[in-house]
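One letter stands for each residue in the lines below.
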Amino acid sequence: MAIIDGLRADAPVRRIRELPGPRGLPLLGNALQIERERLHQTVERWAREYGEMYRFRITSREFVVVSNPETVAAVLRDRPDGFQRGARLNAAARSLGFNGLFTVNGEEWRRHRPMVLRGLDPAHIKAFHPTLVKVTERFERRWRQAAEAGRAIDLQADLMRYTVDVTAGLAFGCDINTVESDEDVIQKHLDKLLPALARRVLSPLPRWVTRRAERGLDEHLAAMRSAVDGFIADARQRLADTPQLREHPHNLIEAMVAERDRPGSRLTDLDLSGNMMTMLLAGEDTTANTLAWMIWLLHRHPEAAQRAAEEVRRVLGAQSHPTHEQLGELDFVEACAHETMRLKPVAPLLIQEAVRDTVVSGLAVPAGTPVMCLMRPGAVDAAHFPDPEAFRPERWLAGNELGHAASSAKRVAMPFGAGPRTCPGRYLALSEMKMVAAMLLAAFDIADVATADGTEVQERLAFTMSPVGLQLRLRARA
Ligand code: HEM
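Here is what the cut-offs are and how they apply
Residues take numbers from 1 onward in each chain, read along the sequence in its written order. In view of the model being predicted, local features appear only for residues whose pLDDT reaches at least 70, and side-chain atom pairs are presented and counted only at 80 or more, with totals across whole chains, interfaces and linings using the full set of residues. With hydrogens and water excluded, all non-hydrogen atoms of the structure serve as input to the side-chain values. The helix and strand labels rest on DSSP assignments: H or I over at least four residues marks a helix, E over at least two residues marks a strand, and numbering proceeds from the N terminus. Here's how the labels work: a residue is buried when its accessible area is under 20% of the maximum for its type, exposed when over 50%, partly exposed in between, all with a 1.4 Å probe on protein chains only. In this description, contact between two residues means that some pair of their heavy atoms is separated by no more than 4.5 Å. Proximity is defined per residue: any heavy atom of the residue falling within 4 Å of a molecule or strand makes that residue near it. Pairing of N or O atoms within 3.5 Å defines a polar contact, subject to two protein rules: one partner must be a possible hydrogen donor and the other a possible acceptor, and residues neighboring in sequence count only if both atoms are side-chain atoms. Any residue that is not Ala, Val, Leu, Ile, Met, Phe, Trp, Tyr, Cys, Pro, Asp, Glu, Lys or Arg is counted as polar, Gly included; the first ten are nonpolar and the last four charged. Only nitrogen, oxygen and sulfur atoms qualify as donors, and only when within 2.8 Å of the metal (3.2 Å in the case of Na, K and Ca); with water excluded, sites may look incomplete. DSSP bridges decide pairing: two strands pair if at least two such bridges lie between them. Only the stretch in contact is used when a helix axis is fitted, and all axes are lines through C-alpha atoms; the angle between N-to-C directions ranges over 0 to 180 degrees. Helix crossings get a hand from a simple test, with the near helix turned counterclockwise from the far one by less than a right angle marking a left-handed crossing and a clockwise turn marking a right-handed one. Any angle from 65 to 115 degrees is called roughly perpendicular, while one under 35 is roughly parallel, one over 145 is roughly antiparallel, and all others are oblique. A helix is expected to reach a length of 1.5 Å times the quantity of its residues less one. Bend at a given residue is defined as the angle between two axes, one fitted to the seven residues that end at that position and one fitted to the seven that begin there. Any two rings among Phe, Tyr and Trp, with Trp reduced to its six-membered ring, count as a pair given centres within 6.5 Å; such a pair is stacked if its planes are under 30 degrees apart, edge-to-face if over 60, and tilted if neither. Put simply, a charge is over a ring when the Lys NZ or the Arg CZ is close to the ring centre, within 6 Å, and near the line of the ring normal, within 35 degrees.

Participant: How do you make sense of the environment of Val-164 when you look at a structure like this?
Facilitator: In this fold, Val-164 is placed in helix α7 (residues 155-172). On the basis of relative accessibility, which here comes to 1%, the residue Val-164 falls in the buried class. Along the chain, Val-164 and Ile-176 lie 12 residues apart, while their C-alpha atoms are 8.5 Å from each other. If we skip the residues at most four places from it in the chain, Val-164 touches Ile-176, Ile-186, Gln-187 and Glu-284.

Participant: What should I look at first to understand the site of the ligand in this one?
Facilitator: In the vicinity of the ligand lie 28 residues, with Arg-79, Arg-85, Trp-109, Arg-113 and Cys-423 positioned nearest. Within the side chain of Arg-79, one N or O atom sits 2.6 Å away from an oxygen atom of the ligand. Elements with a minimum of two residues in the shell around the ligand: α4 (106-119), α12 (269-300) and α17 (426-443). A total of six residues in the shell around the ligand trace back to one element, the largest contributor, which is α12. Residues of the shell around the ligand, tallied by class, amount to 17 nonpolar, seven polar and four charged.

Participant: Would you mind showing me how to read the coordination of the iron atom of the ligand here?
Facilitator: Under ideal tetrahedral coordination, the four donors around a metal are separated by 109.5 degrees; under ideal octahedral coordination, the six donors are separated by 90 or 180 degrees. Looking at the protein side alone, the iron atom of the ligand has one donor only, Cys-423 (SG), at 2.3 Å. Position of Cys-423 among the secondary structure elements: in the loop between α16 (376-379) and α17.

Participant: So what exactly am I meant to see when it comes to the sheet that holds strand β5 (residues 153-154) here?
Facilitator: Each strand in a sheet pairs with another by means of backbone hydrogen bonds, the pair being arranged parallel or else antiparallel. Across the sheet, three strands lie side by side as β5-β13-β10; this open sheet has antiparallel pairing. Each having just a single partner strand, β5 and β10 (444-451) make up the two edges of the open sheet. Examined bridge by bridge, β5 and strand β13 (residues 470-476) share two bridges and lie antiparallel to one another. Among the inter-strand pairings, Asp-154 is bridged to a residue of β13, identified as Gln-471. Packed onto the sheet, α17 meets β10 and β13 and runs at close to 115° relative to β10.

Participant: Looking at this structure, how should I read the packing of α4 against helix α11 (residues 252-261)?
Facilitator: For any two helices packed against each other, the geometry is given by the interaxial angle and the distance between the axes. Relative orientation of the contacting elements α4 and α11 amounts to 145°, with a least axis distance of 8 Å. For α4 against α11, the interelement crossing comes out right-handed. Contacts from Met-115, Val-116 and Gly-119 in α4 reach Leu-252, Met-256 and Glu-259 in α11. Residue composition of the contact of α4 with α11, grouped by class: four nonpolar, one polar and one charged.

Participant: Would you explain the sheet that holds strand β3 (residues 61-66) in this entry?
Facilitator: Sheet architecture is open: five strands sit in the order β2-β3-β9-β6-β4, paired in mixed fashion. In this open sheet, the two strands that pair with only one neighbour each are β2 (53-58) and β4 (83-85). Adjacent strand axes in the sheet meet at a mean angle of 35° when their direction is disregarded. Here helix α1 (residues 39-50) sits on the sheet in contact with β2, β6 (349-354) and β9 (370-374), set at roughly 135° to β2.

Participant: Quick question: what am I supposed to make of the packing of helix α8 (residues 185-202) against helix α10 (residues 217-241) here?
Facilitator: Their axes nearest at 9 Å, the elements α8 and α10 cross at an angle of 120°. What the angle tells us is that α8 and α10 run oblique. As α8 runs across α10, the sense of the crossing is left-handed. Residues Ile-186, Lys-188, His-189, Leu-190, Lys-192, Leu-193, Ala-196 and Arg-200 of α8 form the contact with α10, whose participating residues are Leu-217, His-220, Leu-221, Ala-223, Met-224 and Phe-231. Its residues assigned to classes, the contact of α8 with α10 comprises nine nonpolar, two polar and three charged.

Participant: Help me understand the environment of Pro-370 in this model?
Facilitator: Examined against the element boundaries, Pro-370 turns out to sit in strand β9. Classification of Pro-370 by relative accessible area gives buried; the value is 8%. In sequence terms Pro-370 and Glu-37 are 333 residues apart; their C-alpha atoms lie 19 Å from each other. The contacts of Pro-370, once residues within four sequence positions are left out, are Arg-61, Glu-62, Phe-63, Val-64, Ile-351, Gln-352 and Glu-353.

Participant: Even after reading the chapter, I still don't get helix α2 (residues 69-77), so can you show me in this structure?
Facilitator: The α-helix winds at 3.6 residues per turn, so residues separated by three or four positions along the chain end up facing the same way. Most of α2 sits inside the fold, with seven of its nine residues counted as buried. Measuring from the backbone nitrogen of Glu-70 back to the side-chain oxygen at the start of α2 gives 2.7 Å, which picks out Asn-68 as the cap.

Participant: Whenever I open this one, the environment of Leu-430 confuses me. Can you help?
Facilitator: You can see Leu-430 is positioned in helix α17. Among the residues examined, Leu-430 registers a relative accessible area of 14% and is labelled buried. On a C-alpha basis, the gap between Leu-430 and Thr-287 in space is 8.4 Å, while along the polypeptide they are 143 residues apart. Ignoring anything within four residues of it in the chain, the contact list for Leu-430 reads Glu-334, Ala-337, His-338 and Met-341.

Participant: Whenever I open this one, the pairing of β9 confuses me. Can you help?
Facilitator: The two faces of the sheet receive side chains in turn, since in a regular strand these alternate between them. Counting buried residues along β9, five of its five residues qualify, which places the element largely inside the surrounding structure. Residues Pro-370, Met-372 and Leu-374 point to one face of β9 and Val-371 and Cys-373 to the other, with burial holding for every one of them. In this structure, β6 lies alongside β9, joined through five bridges in antiparallel fashion. Bridging across to β9, Gln-352 finds its partner in Val-371.

Participant: Help me understand α4, please; the structure alone is not making it clear to me.
Facilitator: With 14 residues, α4 extends 21 Å between its outermost C-alpha atoms, agreeing within 8% with the 20 Å of an ideal straight helix rising 1.5 Å per residue. The largest bend in α4 amounts to roughly 25° and is located at His-112, with the proline Pro-114 lying one to four residues further along. Within α4, burial applies to Glu-108, Trp-109, His-112, Arg-113, Met-115, Val-116 and Gly-119. Those residues of α4 that are buried lie in contact with α3 (87-95), α5 (122-127), α7, α11 and α12.

Participant: Explain the packing of aromatic side chains here, please?
Facilitator: Two descriptors summarise a pair of aromatic rings, namely the distance from one centre to the other and the angle between the planes of the rings. Summed over the entire model, instances satisfying the criterion amount to 10 aromatic pairs. Centroid distance Trp-46 to Tyr-54: 6.4 Å. Interplanar angle 85°. Geometry classified as edge-to-face. Residue Trp-46 is classed as buried on the basis of its relative accessible area of 3%. Taken together, the ring pairs in this structure connect Trp-46, Tyr-50, Tyr-54, Phe-56 and Phe-63 into an aromatic cluster. Stacked on the ring of Phe-102, the Lys or Arg Arg-85 has its end atom at 4.3 Å from the ring centre. Over the aromatic face of Phe-385 sits the side chain of Arg-342, whose NZ or CZ is 5.0 Å from the ring centroid.

In structure tokens:
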């Protein structure tokens, strides 16, 4: 039996049935106590009640929940051999065509990971910068029009246009320009597919019961596949026109098509389209929702917004958008992004499944057990972050509590995960966040960010955790 976090081999080991947890019903377990869109809040509340390790059950599936950051990191690091993404996620992703790096396991994952990593590495992000500026300029025009017309902006919908355009530009080499069109081909379908994925992974009910909620899904799926097949066909054409691209691909899709077409390649057409769908899935919601939370938090903390705006104006001087190098100088803006992800991690829980019998922090975990890692409790624990509920970006700056390399608290907040499967899109995500924040703070004053009826903004868990219904009102600066 593997022991993954340094406990002595002869230390007494607890069994799952000895763990505390909320009382449930005989067949359903705790299913009726859980509302899928608030699952993260329920399991966080139970963690406050039952401690850093507890269990709950949805029908016959028993979950172990861990929230101690060291235990979470130990589980996430013990991949791919000790833990992997759950079989349910894998099956749900396959059924919806999203079987790519995020959801595959084992050998398949080992083959896909290096390719995707290369497509998203810092060198590619640097080479991509001119396109990032172009998409940001369009985005600024869209927001300027809204400001001039005194129109409220649907914050998440607009940010998703931006992140889809950026992901398609970087990963597919395509300029789909949803920012400047009122057509929202990709978002319209993703908006239906992502909740369906979450439902298929988490719903305790069998598929025939949830079928009603999935009405029309096949059409969305077919349209999405046809869009992705179009990107693949375009890439194949570019490789045919310019054969040197096979050795020196410009982007992820060209690298994958070149690999797929190589004699003896083990990559399939489904791997290709699955990874392209995965890029859209992993790159759209996550970054857009983090940005939405960040803009909302900045509006609630005018002194932080003011400091960020001053930094942007100082670094940019007379320029409208930061160069790639200047992005590295926006320390306070980056600190705002880290502080946002600490308080509002858009991936608040990561479910992993034990590949083999193992011992986690003294608990015997049999192969196949789903272990739910909670990412927020450690990040809002006063033991690691003084005044933990406060939005204080400066804590991340050099010389402050988290601003030195040795700070162990810094590793407690893991918004991009940890270990071998940590998020390969983090450089891109941070670049996007800094570009949008710099554009916003240089060109506009935030007049308001609120829900339409002025009520407190709610967290909703679909595939990621998003704020519900935020509207943004801007005033263009002179
Ligand atoms: C603020 C934005 C983002 C956040 C908070 C985020 C967060 C995460 C998290 C928590 C994971 C799971 C890590 C783990 O299991 O340890 C992940 C995985 C992943 N992310 Fe991101 N992500 C973001 C943006 C992006 C972007 C922009 C892309 C690509 C365009 C991307 C692509 C991926 C992929 C492909 C994986 C799967 C990696 C694997 O399983 O090997 N992410 N992300």
